[in-house]
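Examining the three-dimensional arrangement
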Amino acid sequence: MLYMRALEANRHGLASDTLQRIEEVFDRVFGARANPWRHLGALAFVLFWIISATGVYLYALFDTSVQGAYASVEHLSRAQWWFGGIVRSLHRYASDAFVLVLLLHLAREWIYGRQRAFRWFTWVTGVPLLWLTLAAGIVGFWLVWDELAQFSAIASMEWLDWLGLFAEPLTRNFLRPDSVDDRFFSLLVFLHIGLPLLLLLGMWVHIKRLTLPDTQPSAPLTWGTLAALAALALVLPVQSGIPADLARAPQALTLDWFYLAPNAAIYAWSPATLWFVAVATTLLLVALPWLPRARPQPVAQVDPANCNGCGRCFADCPYAAITMQTRTDGIAEMRASDIAAIGADAKRGAGIAVVDPALCASCGICAGSCPSSTPFRSIAELVTGIDLPQLPIGQLRSRLKYQIARLKGEVKLLVFGCDQAVDVRTLQRPDTAAMSLVCAGQLPPAFVEYALRQGADGVMVTGCGECDCEFRLGNTWTEQRLRGEREPHLRRTVSPQELRVVWASTHERDRLAREVDAFRAELAARKQPAAAAGAEDHRYA
Amino acid sequence: MRRVVSIVGQGVLYAAFAAFVGVFSVWPSYRHLEPDQALLKLSFSHPGDRVGECHKRTPEELAKLPPNMRAPQDCPRERSPVSVELELDGKLIAERVVPPSGLSRDGASTVYARFPVPAGAHRLQVKVDDSVRAPGPTWERAVDVTLAPGRVLVVDIDPEQGGIVIQ
């Protein structure tokens, strides 16, 4: 029942289906590792570094005075257009792209429902980053001190003044031509450096609960983005408007809508309406993880008698939900014979894994990493060190034996799939069994060898599309374990021809079916001695 | 062939991304003020007159106070709200009664308001009353102004410059 509930909770809606199809189109063009959709967070980090690097140069040449601010930016843009102008334009366009990427990142995670339950912390800590980004960017526009800066500064002050918190309206600082002095620009520089530093701190907190966060996109994506923005800087260099003049109000403006749309909204609506929209949006975003309340999934449970404290689950958990703590049950000090007497694993250390239920994603990657999850253990009831109550390893072994025992045909095939991708049960045939796990990462590699020993001719492992694992690292860890690059690894006694790994998203059922057919045909051919001699290694498709 | 298609596709999509960023960083243009409009700003930060008379302390009263607090006058803290009326070409465009700030109502009355007005020649009349004790406006001023399109005209209060400042 719990297992079915978990399946139901993972049903995808129309929006996620559509987005997934778009991402698959991009996969074909860019490849999953360079697909911007799959690395929006990492792309935001790259853009932040571009903004920072270009900002350092601009700061070095910026004059923090009323007379010098505009002139110094103009000098960069015109006299030094071949470098300073490009750097300025790159700074601006990378900032615009940062907002765009941030909004897409937010929308994508929401569409995929990745704001609920254990993900609430990452989601909620992302919300202030939006406002910090806007604040840092808007202040940056003021530094230029052209008519756009004047408009934005006054509009922003009018918005803040609506709160009535200040003894004197902030807007009075921009009332007359002599109202602004040099100290204003020193304050702006302080804000334009301080706010991005706060933003960086917020970004660090945002990814704090993730193991191996994706903050560095692949080189093709990084260079591709940089090249696109640099080309834009060359084709459409950023230019200042006419100098600010507080005796005149700007009439028509070329607004940067990524940052200055709220300034225009103040006059299109009213400061009060904009405050309402801003506060309501913030509250809604913060509340989204609990709207509607997600059905709680049973979290991973540690069996102290079978946990040997190796720390592999701690290393593999994508959400840092597992910590290693000192054992207090006294088993570490017991003699091996006494440990065997209570039916526990004799190889234990002084540590024990502890799961934080609030952080656990119920993905089962920890069960797949546990060395006690091997089905070859001789104990009657297979209990592992850390397991998912909704699909325990012992139950997995029983199902596997049952499924293989009922297979009939020339070639017997077992497909391990995951609930987040193609429903592998639709691939079942008399000669093909399919078992769906919560995540491909839940599969202990020894199950592959066990399936072959039980009579399967080949094993296929499938799961979410490349770089699209619902639980972030399930694909990566599984692939590394099966390749022998990560513990627990698949023993080399398994022939490469007997295993096939295919990553396929929910829409790629037909491709997966074709891969299954091709694998089946290869296995059938291998059963012919002549064909087997020329077989190649096609383990990873 | 597939690689060529991939490279071309990437070029097209990166170009679309750059175009999206470039376009919405300047377009559509925003009109803050109509071409034939000027801007009138009413803004002041001015403490109104005290609501009550100051009382001159007698020697006996002063003697009762600690030495460091023997101010010769005892004045009420609360200040009057500042009333302002703004007329343009005989038409009332703003009438405000601005209360003093602060929990004890002893701070300055502050206001900021903006009024887009047609450019051209106008007669501007301003009345300010900052005392509940004295009847009638404290300051009154009428000026003829010619506002160019986009011109900002500020109406402020500065007692040191004669009360109502229009510039």
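Since the structure is predicted, the reported quantities are computational estimates derived from the model, not experimental observations. (Residues numbered from 1 in each chain as written. Chains lettered and ligands numbered in written order. Predicted model: local features only at pLDDT ≥ 70, side-chain atom pairs only at ≥ 80, totals over all residues.)

Counting its secondary structure elements, chain A contains 19 helices and 9 strands. Its C-alpha atoms give chain A principal-axis dimensions of about 90 × 55 × 40 Å. For chain A, the proportion of its 541 residues judged to be buried stands at 44%. (Helix = DSSP H or I, 4+ residues; strand = E, 2+ residues; numbered from the N terminus. Buried ≥ 20, exposed ≤ 12 C-beta atoms within 10 Å, placed from the backbone.)

Moving on to the domain arrangement of chain B. What the domain assignment reports for chain B is domain 1 (1-30) and domain 2 (37-166). A C-alpha centroid distance of 56 Å is found between domain 1 of chain B and domain 2 of chain B. (Domains from an automatic or database assignment.)

With that settled, consider the confidence of the model for chain A. Model confidence for chain A is summarised by a mean pLDDT of 91, while 91% of its residues fall at 70 or above. Confidence drops under a pLDDT of 50 for residues 1-12 of chain A, and excluding neighbours within four residues, the segment shows 15 contacts in the predicted structure. (pLDDT = per-residue confidence, 0-100. Contact = placed C-beta atoms within 7 Å.)

Contact with chain B, which involves 30 residues of that partner, is made by 37 residues of chain A. For the side of chain B that touches chain A, the secondary structure elements donating two or more residues are α1 (2-24), β1 (30-31), β2 (37-46), β7 (109-118) and β10 (152-158) of chain B. Here the element with the most residues in the side of chain B that touches chain A is α1 of chain B; it accounts for 10 residues. The class makeup of the residues in the side of chain B that touches chain A is 14 nonpolar, 13 polar and 3 charged. The pairing of strand β1 (residues 252-253) of chain A with β1 of chain B spans 2 bridges and is antiparallel. In the sheet register, Leu-253 of chain A faces β1 of chain B, and the bridge partner there is Tyr-30 of chain B. (Nonpolar A, V, L, I, M, F, W, Y, C, P; charged D, E, K, R; others polar. Pairing = 2+ DSSP bridges.)

What follows deals with the nonpolar core. Within the largest apolar cluster, 72 residues are counted, with the highest numbers of intra-cluster contacts made by Cys-366, Leu-414, Val-415, Leu-437, Ala-451 and Val-459 of chain A. With near-sequence residues (within four places) excluded, Leu-414 of chain A lies in contact with Gln-403, Ile-404, Ala-433, Ala-451, Ala-456 and Val-459 of chain A. Trp-142, Ala-149 and Tyr-259 of chain A together with Ala-18 of chain B belong to the second largest nonpolar core, which has 67 residues in total. (Core = buried A, V, L, I, M, F, W, Y, C linked by C-beta atoms within 7 Å.)

Turning our eyes to something else, we now look at unusual backbone geometry. Each neighbour pair has its own omega, and for Glu-487 of chain A with Pro-488 of chain A the value is -10°, a cis peptide bond. Each neighbour pair has its own omega, and for Trp-27 of chain B with Pro-28 of chain B the value is -5°, a cis peptide bond. Secondary-structure assignment places Pro-28 of chain B in the loop between α1 and β1. Not every positive phi belongs to a glycine, and Ala-320 of chain A is a case in point at roughly 50°. Counting through the fold element by element, Ala-320 of chain A comes out in the loop between α12 (312-316) and β3 (322-326).

Residue and element names in this part refer to chain A. The interhelical angle for the contact between helix α6 (residues 120-143) and helix α7 (residues 147-161), taken along N-to-C directions, is 135°, at an axis separation of 7 Å. Classed by the angle they form, the pair α6 and α7 counts as oblique. The crossing of α6 and α7 is left-handed. Facing α6, whose interface residues are Ile-138, Phe-141 and Trp-142, α7 presents Leu-148, Ala-149, Ser-152, Ala-153 and Ser-156. Of the residues belonging to the contact of α6 with α7, the class tally is 6 nonpolar, 2 polar and no charged. (Axes fitted to C-alpha atoms, helices over the stretch in contact; angles between N-to-C directions. Parallel < 35°, antiparallel > 145°, perpendicular 65-115°, else oblique. Left-handed = near helix turned anticlockwise from the far one by under 90°.)

To continue, consider the sheet that holds strand β11 (residues 163-166) of chain B. All names here are of chain B. Read across the sheet, 4 strands follow the order β7-β2-β10-β11 without closing on themselves; strand pairing throughout is mixed. Looking at the sheet topology across the chains shown, the edges are occupied by β7 and β11. Within this sheet the neighbouring strands show an average axis-to-axis angle of 15°, counted without direction. The pairing of β2 with β7 spans 10 bridges and is classified as antiparallel. Note that in β7 the partner of Lys-41 across the bridge is Arg-114.

All names here are of chain A. Partitioning chain A into domains gives domain 1 (31-246 + 254-290) and domain 2 (301-533). In this structure, domain 1 and domain 2 have C-alpha centres spaced 45 Å apart. With 9 residues of domain 1 at the contact, the number on the domain 2 side is 13 residues. Here the side of domain 1 that touches domain 2 is composed, by residue class, of 4 nonpolar, 2 polar and 3 charged.

Turning to the environment of Tyr-59 of chain A, a few remarks are in order. Residues and elements named next belong to chain A. Summarising the element assignment, Tyr-59 is placed in helix α3 (residues 40-61). Assessed through the 13 C-beta atoms surrounding it within 10 Å, Tyr-59 is described here as partly exposed. Sequence separation between Tyr-59 and Asn-306 is 247 residues, and the spatial gap between their C-alpha atoms is 59 Å.

Before going further, it helps to examine the sheet that holds strand β5 (residues 82-88) of chain B. All names here are of chain B. Strand order in the open sheet formed by 4 strands is β6-β5-β8-β9, with antiparallel pairing between adjacent strands. Because the sheet does not close on itself, it has two edges, and the strands there are β6 (91-98) and β9 (139-147). Here the strands of the sheet are splayed against their neighbours by 15° on average, with no regard to which way each runs. When β5 meets β6, the two strands line up antiparallel, connected through 7 bridges. Within the sheet, the bridge partner assigned to Val-82 lies in β6 and is Val-98.

What follows concerns α7 of chain A. Residue and element names in this part refer to chain A. An ideal rise of 1.5 Å per residue puts 21 Å on 15 residues; α7 measures up with 21 Å between its terminal C-alpha atoms. Across the 15 residues that make up α7, a large majority, 12, are buried. In the core, the buried residues of α7 are packed alongside α6, β1, α10 (257-268) and α11 (271-287). (Expected span 1.5 Å × (residues − 1).)

Once that is clear, we can look at the pairing of strand β8 (residues 458-463) of chain A. Residue and element names in this part refer to chain A. Within β8, 6 of the 6 residues are buried, which leaves it mostly tucked inside the rest of the structure. Residues Gly-458, Met-460 and Thr-462 line one face of β8 and the alternating positions Val-459, Val-461 and Gly-463 line the opposite face, and both faces are buried. When strand β6 (residues 413-418) meets β8, the two strands line up parallel, connected through 4 bridges. Its bridge partner lying in β8, Val-415 is registered against Met-460. Where β8 meets strand β9 (residues 499-503), 5 bridges bridge the pair, whose relative direction is parallel. Looking across to β9, one finds that Val-459 is bridged to Leu-499. Viewed along the sheet, the connection from β8 through helix α17 (residues 474-483) into β9 turns out right-handed. (Right-handed = clockwise from strand over helix to strand, strands pointing away.)

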